[in-house]
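Each chain is listed here by its residues.
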Amino acid sequence: MTDFLASYNLLGLAIGLCTFIIIGLFHPVCIKCEYYFGVGSRWWFLILGLAGVAGALLVEDPFWSSLLGVFAFSSFWTIGEIVEQRKRVERGWFPKNPRRKYE
């Protein structure tokens with residue numbers, strides 16, 4: 001697939017589109033994880049990020065390695081966003097989960 005994309009000079013556009021999709025998917029995942037699991041879920045994203053870094057280093061194909069890198073650093077970014085999401089909930093910008101205790 002990479003050969004096809006590279007031969008038509010589409011590799012950069014494909015990576016950009018996939019990056020847009022990955023970042024777009026992380027936004028609602030961050031909100032839902034904070035709602036259902038709280039800020040403790042940030043450890044999951046640390047593990048996902050480290051796995052993504054390992055995968056990016058091990059995969060030789062530039063397309064998949066790039067996407068694994070984007071996934072890894074989107075996971076790392078989400079760690080901070082979950083903490084920020086907690087603050088947004090405290091400000092009343094997002095609903096609180098009534099089944100969970102807030103500190």
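This is a predicted model, so every value here is computed, not measured. Starting from 1, residues in each chain are numbered consecutively following that chain's sequence as written. Totals for whole chains, interfaces and linings use every residue, but because this is a predicted model, local features are given only for residues with pLDDT of at least 70 and side-chain atom pairs only at 80 or more, for both listing and counting. Hydrogen atoms and water are omitted, and side-chain values are computed over all heavy atoms in the structure.

**A closer look at helix α4 (residues 62-90)**
The criterion, for reference: Put simply, DSSP marks the helices as runs of H or I at least four residues long and the strands as runs of E at least two long, and each gets a number from the N terminus on. Expected span, for any helix, means 1.5 Å times one less than how many residues it has. What we call the bend at a residue is the angle made by axes fitted to the seven residues finishing there and the seven residues starting there.
Helix length check: α4 (29 residues) gives 42 Å between terminal C-alpha atoms against 42 Å at 1.5 Å per residue, within 8%. Along its length, α4 reaches its greatest deviation from straightness, about 30°, at Ile79. Just beyond α4, the residue with positive phi is Gly92, at close to 90°.

**Regarding the confidence of the model for the protein**
Note the following rule: Here pLDDT means the predictor's own confidence in every residue, given as a number from 0 to 100.
Here the protein averages 91 in pLDDT, and 98% of its residues register 70 or above. Across the protein, helix α3 (residues 42-58) holds the top mean pLDDT of 97, while helix α1 (residues 2-7) sits lowest at 78.

**What to know about the packing of aromatic side chains**
Going by this rule: Only the six-membered ring of Trp is used, alongside the rings of Phe and Tyr, when aromatic pairs are assigned; centres must lie within 6.5 Å, and planes under 30 degrees apart are stacked while those over 60 apart are edge-to-face, with the rest tilted. Remark: exposure states derive from per-residue accessible area (1.4 Å probe, protein chains only) relative to the maximum for the residue type, with buried under 20%, exposed over 50%, and partly exposed in between. A ring is considered to have a charge above it if a Lys NZ or an Arg CZ atom is located within 6 Å of its centre and within 35 degrees of its normal.
Scanning the model with the defined rule gives seven aromatic pairs in all. An angle of 85° between the planes, with centres 4.9 Å apart, marks the rings of Tyr35 and Tyr36 as edge-to-face. Given the relative accessible area of 22%, Tyr35 is considered partly exposed. Judged by its relative accessible area of 47%, Tyr36 falls in the partly exposed class. What links up through ring pairs into an aromatic cluster is the set Tyr35, Tyr36, Phe37 and Trp44. Lying over the aromatic face of Trp93, Arg91 brings its terminal NZ or CZ to 4.9 Å of the ring centre.

**Topic: a nonpolar patch on the surface**
As a reminder of what qualifies: For patch detection, residues must exceed 30% relative accessible area and be free of salt bridges, and they are connected within 9 Å for like charges or within 5 Å for nonpolar side chains (Val, Leu, Ile, Met, Phe, Trp, Tyr). Under the convention used here, a 1.4 Å probe and the Shrake-Rupley method define accessible areas, while residue burial counts only the protein chains that appear. The rule for a salt bridge is simple: a side-chain nitrogen of Lys or Arg has to be within 4 Å of a carboxyl oxygen of Asp or Glu.
There is a patch of nonpolar side chains on the surface, built from Phe4, Tyr8, Leu10 and Leu13 and spanning about 450 Å² of accessible area. Mapped onto the elements, Phe4 comes out in helix α1. Look at Phe4 and you get partly exposed, because its relative accessible area is 48%.

**A few points about the packing of α3 against α4**
Note the threshold: Angular values range over 0 to 180 degrees, each being the angle between N-to-C directions of two axes fitted as lines to C-alpha atoms, with helices fitted over their stretch in contact. Any angle that is under 35 degrees is reported as roughly parallel, and any over 145 degrees as roughly antiparallel; angles of 65 to 115 degrees are reported as roughly perpendicular and all others as oblique. Note on convention: near helix rotated counterclockwise from far helix by under a right angle means a left-handed crossing. Clockwise means right-handed. Two residues form a contact once any of their heavy atoms are found within 4.5 Å. Each residue receives one of three labels: charged for Asp, Glu, Lys and Arg, nonpolar for Ala, Val, Leu, Ile, Met, Phe, Trp, Tyr, Cys and Pro, and polar for the others, Gly being one of them.
One can describe the packing of α3 onto α4 by two numbers: an axis separation of 8 Å at closest approach and a directional angle of 160°. The angle between the axes of α3 and α4 places the two elements in the roughly antiparallel class. Like other packed secondary-structure pairs, α3 and α4 cross with a definite hand, here left-handed. Across the interface between the two elements, Arg42, Phe45, Leu46, Leu48, Gly49, Leu50, Gly52, Val53, Gly55 and Ala56 from α3 touch Ser65, Leu68, Gly69, Phe71, Ala72, Ser75, Phe76, Thr78, Ile79, Ile82 and Val83 from α4. Its residues placed into classes, the contact of α3 with α4 shows 13 nonpolar, seven polar and one charged.

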